[in-house]
Amino acid sequence: MSERRIFRTGFADVYPLYVTKAERKGRTRAEVDEIIGWLTGYDEAGLAQALSDGRDLATFFAQAPALNPNAPLITGVICGHRVETIDDPLMQQIRWLDKLIDELAKGKAMERILRG
């Protein structure tokens, strides 16, 4: 695995950015938490623990209870890259989460965001 700075970034540092992005567009923290839970399997207590213990994004995804089997259905462009063609599994997982939060901020319905 190539070591990129984003992998060492604290989850607690990016989480408020996700929430702020969603709330600026009229969405809620609860919806952000639902998306994170859908993708990673973290429940409310697990998410609170991840936010409080200082884990980085690499550890956050490595310790995720269960990545959603429908995650590969997440497609599209984020930061100029197609998420379905990213080779590094960890970078792809990070970009999946970014893409889902983008969809939330753009007003997409939760059932569509969660590939339901």
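Above this note sits the structure.
Bear in mind that the values here come from a model prediction, so they are computed numbers and not experimental data.

Reading the values: the criteria
- Residues numbered from 1 in each chain as written.
- Predicted model: local features only at pLDDT ≥ 70, side-chain atom pairs only at ≥ 80, totals over all residues.
- Heavy atoms only, no water.
- Helix = DSSP H or I, 4+ residues; strand = E, 2+ residues; numbered from the N terminus.
- Phe/Tyr/Trp six-rings, centres within 6.5 Å; stacked < 30°, edge-to-face > 60°.
- Buried < 20%, exposed > 50% of the residue type's maximum accessible area, 1.4 Å probe, protein only.
- Salt bridge = Lys/Arg side-chain N within 4 Å of Asp/Glu carboxyl O.

*Asks:* Looking at this model, I keep getting lost on unusual backbone geometry. Mind explaining?
*Replies:* Of all residues except glycine, most have a negative phi; of all peptide bonds, most are trans. We note that Cys79 has phi near 55 degrees; this positive angle belongs to a residue other than glycine. With respect to the helices and strands, the residue Cys79 is situated in the loop between β1 (77–78) and β2 (81–82).

*Asks:* Help me understand the packing of aromatic side chains in this model?
*Replies:* Working definition: an aromatic ring pair is given by the centre-to-centre distance plus the angle between the planes. Using the criterion set out here, one finds four aromatic pairs in the structure. With centroids separated by 5.8 Å and ring planes inclined at 45 degrees, the aromatic side chains of Phe11 and Tyr15 adopt a geometry described as tilted. Here Tyr15 and Phe11 lie together in helix α2 (residues 11–24), a separation of four residues that amounts to about one turn. For Phe11, a relative accessible area of 0% puts it in the buried group. Arranged with centres 3.9 Å apart and planes meeting at 5 degrees, the rings of Phe11 and Phe60 form a pair that is stacked. Of the two residues, Phe11 is situated in helix α2 and Phe60 in helix α5 (residues 57–62); the sequence distance between them amounts to 49 residues. Judged by relative accessible area, which is 0%, Phe60 ranks as buried.

*Asks:* Just checking my understanding: could you explain the environment of Ala30 for this structure?
*Replies:* Tracing the backbone through its elements, the reader meets Ala30 in helix α3 (residues 29–40). Between the C-alpha atoms of Ala30 and Leu67, which are 37 residues apart in sequence, the distance is 19 Å.

*Asks:* Would you mind going over the pattern of salt bridges with me for this structure?
*Replies:* In a structure, side chains of opposite charge can pair up when their charged atoms sit close to one another. Applying the stated criterion to the full structure yields seven salt bridges. Ionic pairing is found between Glu31 and Arg27, a salt bridge with its closest N-O pair at 3.1 Å. You can call Arg27 buried: its relative accessible area is 14%. Arg95 serves as the salt-bridge partner of Asp98, at 2.8 Å between the closest nitrogen and oxygen. On the criterion of helical spacing, the pair formed by Asp98 and Arg95 is a turn pair, its members being three residues apart in helix α6 (residues 89–105). The same class applies to Asp98 and to Arg95, which are both buried.

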